[in-house]
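# Structure assessment
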Amino acid sequence: MVRMDIRRRNNVNVTGPEGAPVLLLAHGFGCDQNMWRLVVPALAERYRVVLFDYVGSGGSDLAAWSEERYSSLRGYAGDVVDVCEELDLRQAVFVGHSVSAMVGVLAAQAAPERIGALVMVTPSPRYIDDEDYRGGFSTEDIDELLASLEANYLGWSSAMAPVIMGNPDRPELGQELTNSFCATDPDIARVFARTTFLTDSREDLKSVSVPTLVLECEQDAIAPREVGAYVHAATPGSRLVTLDATGHCPQLSAPEATTGAILGFLESLR
């Protein structure tokens, strides 16, 4: 009964050949597993791909959400560990987009036998600038962003999603992200946003002891290249790849380049 609850709670879906190495794909703020749909077919040719939604997102069981649990990234990491335990995943490759990159680091801390490698797609351990660290935003920027989100979430989504997505010449991409944001319950989005934009995970990067790929884009308004360089330098033994892509969601804007980089990394692990 518990096993079935986890699958339903996190809307777990599995594809790809049985017995193949496992990839666990985790979405970012305001999104769900559908964000991976353009990269899954190529990945699933050779790998077992596990998709899920964090509680509060997509097709998850909203009744299982609590503000106390999900006010910390460790709550989301708990979802990852639960899914791994439910499917008895061992040495899975965790592919985390945006804030989920740091969730993967925490999950690997909590259950090292479950996570064997990390792929961080446009990660940021801290969005707010701090002395010599450049996260891309001032404290005032983030305060304003959160105040706007809390005052009018749908309006904020319509304004911010195209900025996050980038690629103004492809407005359909920004519209997709807008729709994804708008499908999220505003109260849940408020908590996830504060957790995302106010967390500082820089110290956690030092704990990483598994092979790690850091994927950044040439231009990214949310996680500029200074952040990618920082994550690479702070994560022991990591590899940094800069995609010929624009925006914060290369799995949608540049799926072939994203897939190629992930597959190249996976091949190096064999």
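Residues numbered from 1 in each chain as written. Predicted model: local features only at pLDDT ≥ 70, side-chain atom pairs only at ≥ 80, totals over all residues. Heavy atoms only, no water.

### Overview of the packing of aromatic side chains
- Tallying each qualifying case throughout the model produces 13 aromatic pairs.
- When the ring of F29 is compared with that of F192, the centres are 5.5 Å apart and the planes differ by 75 degrees; the resulting orientation is edge-to-face. Taken as a pair, F29 in the loop between β2 (22-26) and α2 (40-43) and F192 in helix α8 (residues 186-198) lie far apart in primary sequence, 163 residues in all.
- The class of F192 is buried, set by a relative accessible area of 4%.
- Each ring, one from Y54 and one from F192, has its centre 6.5 Å from the other, and the planes form 85 degrees; the classification is edge-to-face. You can see Y54 sitting in the loop between β3 (48-51) and α3 (73-87) and its partner F192 sitting in helix α8, a full 138 residues away along the chain. Here Y54 matches F192 in class, with each residue buried.
- Aromatic rings pair up to connect F29, F52, Y54, Y70, Y76, Y127, Y153, W156, F181, F192 and F197 into one cluster.
- The cationic tip of R202 hangs over the ring face of Y133; the distance from NZ or CZ to the ring centre is 4.9 Å. (Phe/Tyr/Trp six-rings, centres within 6.5 Å; stacked < 30°, edge-to-face > 60°. Helix = DSSP H or I, 4+ residues; strand = E, 2+ residues; numbered from the N terminus. Buried < 20%, exposed > 50% of the residue type's maximum accessible area, 1.4 Å probe, protein only. Lys NZ or Arg CZ within 6 Å of the ring centre and 35° of its normal.)

### Brief notes about the environment of L24
- Along the polypeptide, L24 turns up in strand β2.
- Through-space distance from the C-alpha of L24 to that of E86 is 13 Å; in sequence the pair is 62 residues apart.
- Residues in contact with L24, not counting those within four places in the same chain, are V50, F52, V80, V83, C84, V93, F94 and V95. (Contact = heavy atoms within 4.5 Å.)

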